[in-house]
Amino acid sequence: MKKEFTCIVCPMSCALTVEEKNGEIIVLGNGCKRGKEFGINEFTDPKRMVTTTVKVMGSHLKRLPVISTDELPLDHLFVYMHELYQVVLEAPVEKGQIIIENIGNSGVDIVASRSLKQIELKKENA
Amino acid sequence: MKELNVDVAVIGGGPAGLAAAIEAKEQGVDHVVILERDVELGGILQQCIHDGFGLHRFGKRLSGCGYAHHFIESVAEKAIDVKLKTIVLEITDEKIIYAMNEVDGMMKITCGAIVLAMGCRERTRSQVFIWGTRPSGVLTAGTVQRYINMEGYLPGEKAVILGSGDIGLIMARRMTLEGIEVEGVYEVMKTPGGLTRNISQCLKDFQIPMHLATTVVRIHGNKKMEGVTVAQVDEKRQPIQGTERFIPCDLLVLAVGLIPENELSRQLEVEMDPRTKGPIVDEHFMTSIPGVFAAGNVVTVFDLVDYVSLTGEIAGRGAAKFLQGKLNLDLPAKDVLPGDAVNFVVPQRIRTVNAEDSIPIYFRVKEEMRKVEVTATVDGEVCMRKKHPIALPPEMMVETIQLEKIHEDARELRVSVKVG
Amino acid sequence: MKKKIIQAIQENESLSAYKIEVSVSSDRIVTLIGEVDDWQQVVDCGHLSAKVKGVRNVVNDLTAKGIVIPKRDRSEEIQQAIANGKETACDIVVIGAGVIGCAIARELAKYQVKTIVVEKNSDVAEEATKANNGNIHPGVLAKPGTLKAELNLKGNEMYTQLSKELNFELQRPGSLNVIYKKSEWRKMKAIQVMKKTGLGHLVPPMRQVMKVPGLKWLTGEEVKQMEPHLKGDPIGGFWMTTMGLVEPYEVCIAMAENAVENGTEFRLNAEVLDVLVENGRTAGVVTNQGVIRSEIVINAAGVYTDTIAEMANDRFFTIHPRRGAIAIIDKSRKGFLKTPAGIRGGKEAKKNNTKGGGASVTPEGNLLWGPTAVEIPWKEDKSVEASDLDYITKLGMSVTNEIQRSEIITFFAGIRAADYMEDFIIERSRKVGGLIHVAGIQSPGLASAPAIAEMVAGLVNEERGGLLENPNFNPIREPKPQFRHLSHEAQDNLIQKNAKYGNIICRCELITEGEILDAIHSTIPATTIDAVKRRTRSGMGRCQGGFCGPRVLEILARELEKEPTEVTLKGNESYILKADSRQPIVAGRRKP
């Protein structure tokens, strides 16, 4: 099986051809070592950082931005999203606070990527 | 009216302003104040929840808010004065700022130095001349980003994105993850505006098609948008008859470019560069008015926040030196000029007498080039050569020139790029 | 008459090949039936018929190939509205809350009558009123002897008093015709002689000019001094000093608010589905919000005045929508021109029954280019085309070429309600008692509005007899704070009094939360983003609401106690936000 990718490691954007031959993965077209690594990863198990928001109550924002502590398998992305979209938090939240530990048994945590203070929700009068 | 005296006033609490304020404070300036119009510091970074920020500075892949967090903490630690929900109405050439908020009312702030760090704003529908009606459902990418990431609302169920710059690409992924159907990304130019890696991870990962040399020519619907018409364009970017296609959708996301926000600079009558649409600055990012500095996207739209922070620091340092009387403004400045294939350079002027050991020069190429050589010449004599595998218009380039290479009598420094 | 009409159409080369059925009623109303190839031909037939001497008006039922103008069957809606049983009674119903409807409402508030204004949109001023150049014309161009000519002159004069009472901005910089051609200048000088000597009274086409006050003839030098940015070397100028400038929606809102303060009721989102006629007299209207019974119905429905007339079985004219597109230039050019200026002797203007134009100015200081005048088949088609902007740019550049197209911050179009006589129709219905038509109101409709309202009050008086003055009528509408126009000291004082004026929401135009709250809680409350914009200017600047839009939306939701998803741009289904992102109603997209 042969697959083609655009390397996203640097702006060169090398066109990679990755192929499995006799149990060995061969990367062609890469300009550097990091490109080879990327090619192998993309071929076997493409991974991405996950960023999105979760619902938060009691702050000046209605959503808290979150980020994964490491890359996660791309083909499970929507599974993680679904799990994250069920979360409802109460402010305050500290940056780095774990929102979901070991999401989908991946060994990677989802953490808050900013702090959010609690605010008093008072009805403002005109 | 409240009257205040400050040493350095920084207008804008985004990445440029934060860096400028912190650096000025570190350089020993006593009273630094940040005037920020929003309810919190961080600027547009607070709505950039995606990763990829701070690779240069922190060696980590942070989200925009994560990146801002580091600076905001530093501002708090250093006891820098912050005025939120504060709008600057006017700056006089005597460096007096009129600013206002709900608590202080109108303030007259007399400043030793000023750093302009107002950032940039998005181009609108009218500026790209899309014909048709004016229904609801036409929003800029930044507005959509704010609604989705901060306020938690979806502005539509099916979207078309115009513009393949990074903001457009990021929003394609973001909307898809939030359940909005992204019909496609349309780009009037023949080449994408954004980074290749973003095309890969924002579009290809989600099978979102990109249509090059194609644009939105018409918006339909009187009150609510019913759809858009797209068409391919010719060499002159004019729609080709017969290629029109109607796409039913309730959201058109415009990612059609950013413009430095320079209303205050213009009112102050600082000298502007028509190429960057920002103030002309020197090696300390000082404008044509002594003591008034500019940093970040107000100077030119950078694509990396790391550069924005760097220019903020340069300006902050400059403001401190200005107050300390360390800047010699008597000698004429040397011009920095864009040479072959270069669109613009920043800074546009240098005073070697004031400069630090090395001077970073930011520039963009006019078109995509591979295997290039960047050269800098001083009055025609080459003082620096550097090879790069690729040069792309969407990517700001930066070369550092050693001060010793620029002799005192030199008149101009020129940066050129050529293949080979 | 019929023969003459057929002849006029036959003599036109592009029309002679078509079979057009012409009929003329006993009251000299012409009806045209048939099919032609394009829309301009439909309009041309109408105009040719109207020009024939003796014709009162034209009902144009011609169609153009391939152009379908859908007609909705409202009978079910009407039955439903009647069956709902919600009924109100009043003396007078005014249909339409544009500048005409609102001027009439305010005028009628001076008398002891109960008036209800019904408007199908979510706000007043939503149609042609919001999309015109705000010129209070001096009245030079109107054809002598027409209603337009008479009411324009009178209306123009009335604006001075009106702006004082209602506290809207009125400036009178005059309007300048710039003359570059010697032949044109000679003509102008001849007019000057006729005006001075009084000879013009003897020349019928000159009779209107004779009545217009404040006309001045300037030398080329004087013109350049007044407007240094004009291009080239003008040899003279014709300065009509009585020309005024307003923000048209502001005038309309001011009149509506003052009417409400004096007891008039406004029903927004109320569309008239039928006009009730009983025993040859009107008995009120059926709206989607119920039946309103009244003795008098005033038809000020703009482009739909012919539809309303048809509902009352009094169809005697056709409105042919004419679209006018306008472009607004960034405020950084404030002061670039002191007066609206155009070239005298342009051919384009005459062709399309328009005042033409060049570069105008808004009271706020924006330059304004346009409008165009394009005949279109659809009354709702407010689109702007590339050709419109080309034309607008040409007009703008005709007086100065310093301004670039890239300085345009927005463009939009409004639909003018022209009839084929190209004059105002202001009269009591000849068929239905109690029905008053105020139709065919196009330029100079804004300038004429106060005079039109006075004339309509007169017709109401004829209809009912003995209109009694309202002793409690208060002509004054108190001014609202406009933060941007104050000195820094005064701004500080305002913030100390109410901190909401210290919170800038629209940074391009410098609009505070206090002003937005004033708009939302006014007597005609602003309930949409666009309604807030018209009252405060929030979103009118160079970023076009990119920054303030979300903030205005939040304030509207908070103040009106609505969900943000319920706030609209301009009423109906024009939501900005489709759903809360964690309560998805977007089916099928989010994969588990």
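K.L.:
Before we go on, may I ask you to explain the pairing of strand 20 (residues 367-370) of chain C in this structure?
P.N.:
Looking down a regular strand, the side chains alternate between one sheet face and the other. All names here are of chain C. As judged from the two bridges shared by strand 17 (residues 320-329) and strand 20, these two strands associate in the antiparallel manner. Residue I328 lies in a different strand from strand 20, and its bridge partner there is L368. With four bridges connecting them, strand 19 (residues 358-361) and strand 20 associate as antiparallel partners. Bridge pairing in strand 20 places V361 opposite L367.

K.L.:
So what exactly am I meant to see when it comes to the interface of chain C and chain B here?
P.N.:
Counting from both sides, the interface comprises 60 residues of chain C and, opposite them, 50 residues of chain B. Together, the buried faces of chain C and chain B total about 4900 Å²; carbon and sulfur atoms form 55% of this surface. When the area that chain C buries against chain B is broken down by residue, the three leading residues are F411(C), H488(C) and R542(C), summing to 13%. At the junction of chain C with chain B, the criterion picks out six salt bridges. We note a salt bridge from R218(B) to E385(C), for which the minimum N-O separation is 2.2 Å. At the boundary of chain C and chain B, one finds 24 residue pairs in polar contact (both at pLDDT 80 or more).

K.L.:
Looking at this structure, I do not really get the interface of chain B and chain A. What am I missing?
P.N.:
Interface size is commonly expressed as the accessible area that is lost once the parts come together. Tallying the contact residues gives 35 residues for chain B and 28 residues for chain A. Roughly 2600 Å² is buried in total at the junction of chain B and chain A, and carbon and sulfur atoms are behind 55% of that figure. Where chain B packs against chain A, one counts three salt bridges. Here R61(B) and E71(A) are joined by a salt bridge, their closest N and O atoms 3.2 Å apart. The interface formed by chain B and chain A contains 15 residue pairs in polar contact (both at pLDDT 80 or more).

K.L.:
Help me out: how do you make sense of the packing of aromatic side chains in this one?
P.N.:
Each aromatic ring pair is characterised by the separation of its centres together with the angle its planes make. This model, assessed by the stated rule, comprises 13 aromatic pairs over all chains. Between Y159(C) and F168(C), the aromatic rings sit 6.1 Å apart at their centres with planes inclined by 75°, giving edge-to-face as the arrangement. Residue classification places F168(C) among the buried positions, given a relative accessible area of 5%. Three or more aromatic residues joined by ring pairs form one cluster here, namely F58(B), Y67(B) and F71(B). Above the face of the F129(B) ring, R405(C) is positioned so that its terminal group lies 5.1 Å from the ring centre. For R507(C), the ring lying beneath its charged end belongs to F547(C), and the centroid distance is 4.1 Å.

K.L.:
Mind showing me how you'd approach the nonpolar core here?
P.N.:
Looking at soluble globular proteins, one finds that nonpolar side chains tend to be buried together. Ranked by internal contacts, the top residues of the largest apolar core, which has 73 residues, are L64(A), I99(A) and M175(B). At six residues, the largest contribution of residues to this core is made by helix 5 (residues 166-177) of chain B. Leaving out residues up to four positions away in the same chain, L64(A) has contacts with T52(A), T53(A), V54(A), V56(A), L89(A), V93(A), I99(A), A112(A), R114(A) and L116(A).

K.L.:
Mind showing me how you'd approach the domain arrangement of chain B here?
P.N.:
Residue and element names in this part refer to chain B. When its domains are assigned, chain B resolves into domain 1 (1-121 + 258-327), domain 2 (124-256) and domain 3 (333-420). Listed per partner, the contact involves 24 residues of domain 1 and 20 residues of domain 3. Of the roughly 1800 Å² buried where domain 1 meets domain 3, counting both sides, 55% is carbon and sulfur surface. Summed over the shared surface of domain 1 and domain 3, the result is five salt bridges. Among the ionic pairs, E356 bridges to R317, the shortest N-O distance being 3.1 Å. Between domain 1 and domain 3 we count eleven residue pairs in polar contact (both at pLDDT 80 or more) in total. Ranked by the residues each element gives to the side of domain 1 that touches domain 3, the list is headed by helix 8 (residues 305-323), at six residues. Residues belonging to the side of domain 1 that touches domain 3 are distributed by class as follows: eleven nonpolar, four polar and nine charged.

K.L.:
How should I be thinking about the sheet that holds strand 4 (residues 87-89) of chain C in this particular structure?
P.N.:
Sheet strands pair by backbone hydrogen bonding; their relative direction is either parallel or antiparallel. Residues and elements named next belong to chain C. Taken in spatial order, the four strands of this open sheet run 4-15-14-13, and their pairing is mixed. Where the open sheet ends on each side, the last strands, each with one partner, are strand 4 and strand 13 (272-278). In this sheet, adjacent strand axes meet at a mean angle of 25° when their direction is disregarded. Direction of pairing for strand 4 relative to strand 15 (residues 290-293): parallel, over a ladder of three bridges.

K.L.:
Explain the sheet that holds strand 17 (residues 227-232) of chain B here, please?
P.N.:
All names here are of chain B. Within the open sheet, the four strands sit side by side as 10-16-17-18. Their pairing is mixed. With one partner strand each, in any of the chains shown, strand 10 (131-132) and strand 18 (245-248) form the two edges of the open sheet. Of the pairings in the sheet, the one linking strand 10 to strand 16 (residues 214-220) comprises two bridges and is parallel in character. Following the sheet pairing, W131 is matched in strand 16 by R218.

K.L.:
Sorry, what's going on with the packing of helix 4 (residues 99-108) of chain C against helix 13 (residues 445-464) of chain C here?
P.N.:
How two helices pack is summed up by the angle between their axes together with the distance between the axes. Residue and element names in this part refer to chain C. Where helix 4 meets helix 13, the axes come as close as 8 Å, and the angle between the chain directions of the two elements is 45°. As judged from the angle between their axes, helix 4 and helix 13 are oblique. Crossing of helix 4 over helix 13 shows right-handed handedness. Taken together, the residues of helix 13 that come into contact with helix 4 (itself represented by V99, I100, A103, I104, E107 and L108) are G445, L446, A449, I452, A453, E454, V456, A457 and V460. Residues of the contact of helix 4 with helix 13, tallied by class, amount to twelve nonpolar, one polar and two charged.

K.L.:
Even after reading the chapter, I still don't get the packing of helix 5 of chain B against helix 6 (residues 196-203) of chain B, so can you show me in this structure?
P.N.:
Residue and element names in this part refer to chain B. Taken N-terminus to C-terminus, the directions of helix 5 and helix 6 make an angle of 15°; their axes are 8 Å apart at the nearest point. Between helix 5 and helix 6, the angle is such that the two are roughly parallel. Like other packed secondary-structure pairs, helix 5 and helix 6 cross with a definite hand, here left-handed. Where helix 5 approaches helix 6, its residues D166, L169, I170, A172 and R173 are matched on the opposing element by N198, I199, Q201, C202 and L203. Split into classes, the residues belonging to the contact of helix 5 with helix 6 amount to six nonpolar, two polar and two charged.

K.L.:
Just checking my understanding: could you explain a nonpolar patch on the surface for this structure?
P.N.:
On the surface, a cluster of nonpolar side chains totalling about 270 Å² of accessible area is made up of L199(C), L202(C) and V203(C). Checked against the element boundaries, V203(C) lands in the loop between helix 6 (182-197) and helix 7 (207-211).

K.L.:
Would you mind going over the pattern of salt bridges with me for this structure?
P.N.:
Oppositely charged side chains can form a pair if their charged atoms are brought close together. Within the structure shown, the criterion is met by 90 salt bridges over all chains. A salt bridge links R349(B) to E271(B); its shortest N-O distance comes to 2.8 Å. Residue R349(B) is located in strand 26 (residues 349-350), and its partner E271(B) is located in the loop between helix 7 (263-268) and strand 21 (272-273); the two are separated by 78 residues in the primary sequence. The class of R349(B) is partly exposed, set by a relative accessible area of 23%. What makes E271(B) partly exposed here is its relative accessible area of 37%. Between E107(C) and K110(C) there is a salt bridge, with the nearest N and O atoms lying 3.1 Å from each other. Owing to a relative accessible area of 7%, E107(C) belongs among the buried residues under this scheme.

K.L.:
Would you mind showing me how to read the confidence of the model for chain B here?
P.N.:
Note that predicted coordinates carrying low pLDDT should not be read in detail. This prediction gives chain B a mean pLDDT of 95; 100% of its residues lie at or above 70. In the predicted assembly, ipTM is 0.95 and pTM is 0.94.

K.L.:
Would you mind showing me how to read helix 1 (residues 33-44) of chain A here?
P.N.:
Since the α-helix packs 3.6 residues into each turn, any two residues three or four apart lie on the same face. Residues and elements named next belong to chain A. Taking 1.5 Å as the rise per residue, helix 1 with twelve residues should run 16 Å; its terminal C-alpha atoms sit 17 Å apart, in good agreement. Within helix 1, the full set of buried residues consists of G35, F38, G39, E42 and F43. Seen end-on, helix 1 carries its buried residues on one side only, within an arc spanning 130°. For helix 1, the exposed residues set more than 90 degrees away from the buried face come down to K33, R34 and E37. Its buried side turned inward, helix 1 meets strand 1 (2-6), strand 2 (15-21), strand 3 (24-28) and strand 4 (47-48).

What counts and what doesn't
Residues numbered from 1 in each chain as written. Chains lettered and ligands numbered in written order. Predicted model: local features only at pLDDT ≥ 70, side-chain atom pairs only at ≥ 80, totals over all residues. Heavy atoms only, no water. Pairing = 2+ DSSP bridges. Helix = DSSP H or I, 4+ residues; strand = E, 2+ residues; numbered from the N terminus. Contact = heavy atoms within 4.5 Å. Buried area = accessible area lost by both parts, 1.4 Å probe. Salt bridge = Lys/Arg side-chain N within 4 Å of Asp/Glu carboxyl O. Polar contact = N/O pair within 3.5 Å; in protein donor to acceptor, adjacent residues only side chain to side chain. Phe/Tyr/Trp six-rings, centres within 6.5 Å; stacked < 30°, edge-to-face > 60°. Buried < 20%, exposed > 50% of the residue type's maximum accessible area, 1.4 Å probe, protein only. Lys NZ or Arg CZ within 6 Å of the ring centre and 35° of its normal. Core = buried A, V, L, I, M, F, W, Y, C linked by side-chain atoms within 4.5 Å. Domains from an automatic or database assignment. Nonpolar A, V, L, I, M, F, W, Y, C, P; charged D, E, K, R; others polar. Axes fitted to C-alpha atoms, helices over the stretch in contact; angles between N-to-C directions. Parallel < 35°, antiparallel > 145°, perpendicular 65-115°, else oblique. Left-handed = near helix turned anticlockwise from the far one by under 90°. Patch = residues over 30% accessible without salt bridge, like charges linked within 9 Å, V, L, I, M, F, W, Y side chains within 5 Å. Areas by Shrake-Rupley, 256 points an atom, 1.4 Å probe, with all protein chains shown as cover. pLDDT = per-residue confidence, 0-100. Expected span 1.5 Å × (residues − 1). Arc of directions from axis to C-beta.

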